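# Survey of secondary and tertiary structure
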Amino acid sequence: MPSYTAPTRDTRFIVNELLDLASYGNLPGFEMASTDVTDAVINEGGKFCSEVLAPLNLPGDQEGCTRNEDGSVTTPKGFKDAFDKFREAGWGTLAQPEEFGGQGLPHVLGFVMEEFISSANQAFGMYPGLTNGAISALIAKGSQEQKEMYLPKMVSNEWTGTMNLTEPHCGTDLGMIRTKAVPNGDGSYAITGTKIFISAGEHDMSDNIIHLVLAKTPGAPDSTKGISLFVVPKFLVDEDGNPGERNGVMCGSIEHKMGIHANSTCVLNYDGATGWMVGEENKGLAAMFIMMNAARLGVGMQGLSQAEVAYQNAVAYALDRRQGRALTGPADPEAQADPIFVHPDVRRMLMDAKAFTEGMRALCLWGALLVDLTHKAQTEEERAEADAMIGLLTPVIKGYGTDKGYEVATNMQQVFGGHGYIEEWGMSQFVRDARIAQIYEGTNGVQAMDLCGRKLASKGGAAIQAFFKAVGEDIAAAKGGEELGPLAEALEKALGQQQAATMWFMNNAMQNPNNLGAGAHHYMHIMGIVTLGWMWLRMAKVAQAALAGGTEDKAFYEAKLATARYYMDRFLPDAGALRRKLEAGSESMMALGEEAFATAA
Ligand SMILES: Cc1cc2nc3c(=O)[nH]c(=O)nc-3n(C[C@H](O)[C@H](O)[C@H](O)COP(=O)(O)OP(=O)(O)OC[C@H]3O[C@@H](n4cnc5c(N)ncnc54)[C@H](O)[C@@H]3O)c2cc1C
């Protein structure tokens, strides 16, 4: 049976030392996030996830969700009880606004909890996770009446939320959606259509489910410009604010899928269900994007989460399993064989995982801080800067984070040899669960196009230039130093590769847009590599200062420096190879016609 212990020490390092959350005490909500409070959230939240959620992960995977004859869905044994405990402890309310019953703490702490929940039990985490996304959309675009009706109960997790975009014939290309919203004449709409793959679409853990649904009003343009957003509760809310009459939305079936078995992925049939428009007519996609951007960061975090839990189990296995001898001579001559931990190839996989997870955690939590700053920074300029930076980083966190998270999870399975392939060890579940994060919330191919087609060019390239400037300044400050200098020089080379790739796009994508499409995935990975390298340089700086200050936790900071060196040695060089692939352009990729792909003679 696999186990999970929340990485509280590393998280405290990032929150308290790297991000220095306490230094933002002048911003709303941050004044409550003293180091005592953040440490308590990290330690107690970690304990809850390790003790309550992690033990349900493997059994939940084995049992899965069950759709009953009446269309209701039963979650695996223990899930409802765990969700009650989660709700009673208020874990879902950490970063939600106080006016709707939240605790108003920084998003950073909400993200800390998201990582722990998702490592402990990704399928469970999606129920409150989707609720958070729906809350963001209602806060941004809902009417006052809608906010008052839905938000307090969603914030408290008495009610959960969903997002309904996908239909059988359209996923990425939402302009094609067919779900109709016909005015009832009383301000409400009759929603009719079929949505598929709706996560947490039906279940037994909350009193009501608040669906946010994309649909088209009569005569709306037949494109993304004709999409509106509707709120459609499973139970219509009565005059007292409680769940009343059953609405016309039913779960037609649940998908049998590769992973996240304990999350119900539903076909939802809307049959004249009563809904109300959220925001303006035909502006639904923009409203849904608010939800999706929040969700994309959460999905990027899932890449980290599965890598982390798989890594923890692989380390334990590598220290325990004995096969062969160390290349440099027996490490444990008394025993018949050495632990596999001594083999450089095993160490390569473990170090890759360590360097990725710690770097990615720093990036995700910094991303969460940027989300806070977009709302709470003191000046308009600072808010705009944070907004541009997180907009640029979101596809990288989602796309690179989940590609790499999946790769790490499979490498950790590899550490187990054949036992990794056997279900009872649990490594297969981590790989299967990690896989979905590359697909939903916009596939990683779509993330890459969002980064290269929209974000790079946005406002004349202002965001990417700000990124280059910020990384460049940290490199300049570190260069020449004995410890940090070599790290900074390595990062400078990788940054140069990214700048050259950006320039290549500028010179070659306009004349042939396929050049952009052909290189977008590579670019997203180059940027991921550079961004994590930047995080490692920043972490190394903090570690070096702690060591120079005579810290008592020398081993922790020395490990940070060693891992930073490993990252620069082993991750950064890939940026150069990826740039060369990108600069090969689209010609050979798009050269063949359909007939060349046919295998039959
Ligand atoms: C377990 C699970 C849970 C999900 N949860 C939800 C949910 O809660 N709510 C919801 O609405 N949806 C949900 N989805 C749907 C998910 O978001 C879609 O599957 C995803 O967006 C891709 O859409 P698609 O499956 O139709 O693939 P398609 O859009 O058909 O894409 C197929 C392939 O073509 C590529 N492609 C398509 N268009 C382009 C393009 N323009 N440029 C480059 N490449 C392109 C894609 O990257 C992909 O590789 C879920 C899916 C799964 C499997």
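What comes next is a walk through the structure. (Residues numbered from 1 in each chain as written. Predicted model: local features only at pLDDT ≥ 70, side-chain atom pairs only at ≥ 80, totals over all residues. Heavy atoms only, no water.)

### A look at the pairing of strand β7 (residues 228–233)
Of all the six residues making up β7, six are buried; the element is thus mostly covered by neighbouring parts of the structure. Going residue by residue along β7, you find Ser-228, Phe-230 and Val-232 tucked away on one face and Leu-229, Val-231 and Pro-233 tucked away on the opposite face as well. Examined bridge by bridge, strand β6 (residues 208–215) and β7 share six bridges and lie antiparallel to one another. Residue pairing in the sheet places Ala-215 in a bridge with Ser-228 of β7. Pairing geometry for β7 and strand β11 (residues 265–278), over three bridges, is antiparallel. Paired with Val-231 across the two strands is Trp-276, which belongs to β11. (Buried < 20%, exposed > 50% of the residue type's maximum accessible area, 1.4 Å probe, protein only. Helix = DSSP H or I, 4+ residues; strand = E, 2+ residues; numbered from the N terminus. Pairing = 2+ DSSP bridges.)

### Concerning the environment of Ala-262
Structurally, Ala-262 can be placed in the loop between β10 (249–254) and β11. C-alpha separation for the pair Ala-262 and Ala-123, spaced 139 residues apart in sequence, amounts to 5.3 Å.

### Some words on helix α12 (residues 458–478)
Taking 1.5 Å per residue, 21 residues should reach 30 Å; α12 reaches 30 Å between its end C-alpha atoms and fits that length. Of all bends in α12, the biggest is about 25°, found at Gln-465. Of the residues making up α12, those classed as buried are Gly-461, Ala-463, Ile-464, Phe-467, Phe-468, Val-471, Ile-475 and Ala-478. Looking at the packing, one finds that the buried side of α12 touches α9 (380–415), α13 (484–508) and α14 (513–548). Phi for Gly-480, located one or two positions after α12, is positive at around 90°. (Expected span 1.5 Å × (residues − 1). Bend = angle between axes of the 7 residues up to and from the residue. Contact = heavy atoms within 4.5 Å.)

### A word on the nonpolar core
With 188 residues, the main nonpolar core has Trp-366, Met-412, Phe-467, Tyr-523 and Tyr-567 as its most contacted residues. Counting residues per element, this core draws most heavily on α14, at 18 residues. (Core = buried A, V, L, I, M, F, W, Y, C linked by side-chain atoms within 4.5 Å.)

### Quick word on the site of the ligand
Lining the immediate surroundings of the ligand are 17 residues, of which Thr-166, Thr-172, Phe-197, Ser-199 and Thr-443 lie closest. Within the backbone of Gly-171, a nitrogen or oxygen atom sits 3.3 Å from an oxygen atom of the ligand. Contact distances for the ligand include 2.7 Å between a nitrogen atom and a backbone N or O atom of Phe-197. Its free accessible area being 970 Å², the ligand has 61% of it covered by the protein chains. Looking at the shell around the ligand, the elements that each hand over two or more residues are β3 (159–164) and β5 (189–199). A per-element tally of the shell around the ligand places β5 first, with three residues. Residue composition of the shell around the ligand, grouped by class: eight nonpolar, seven polar and two charged. (Near = heavy atom within 4 Å. Polar contact = N/O pair within 3.5 Å; in protein donor to acceptor, adjacent residues only side chain to side chain. Areas by Shrake-Rupley, 256 points an atom, 1.4 Å probe, with all protein chains shown as cover. Nonpolar A, V, L, I, M, F, W, Y, C, P; charged D, E, K, R; others polar.)

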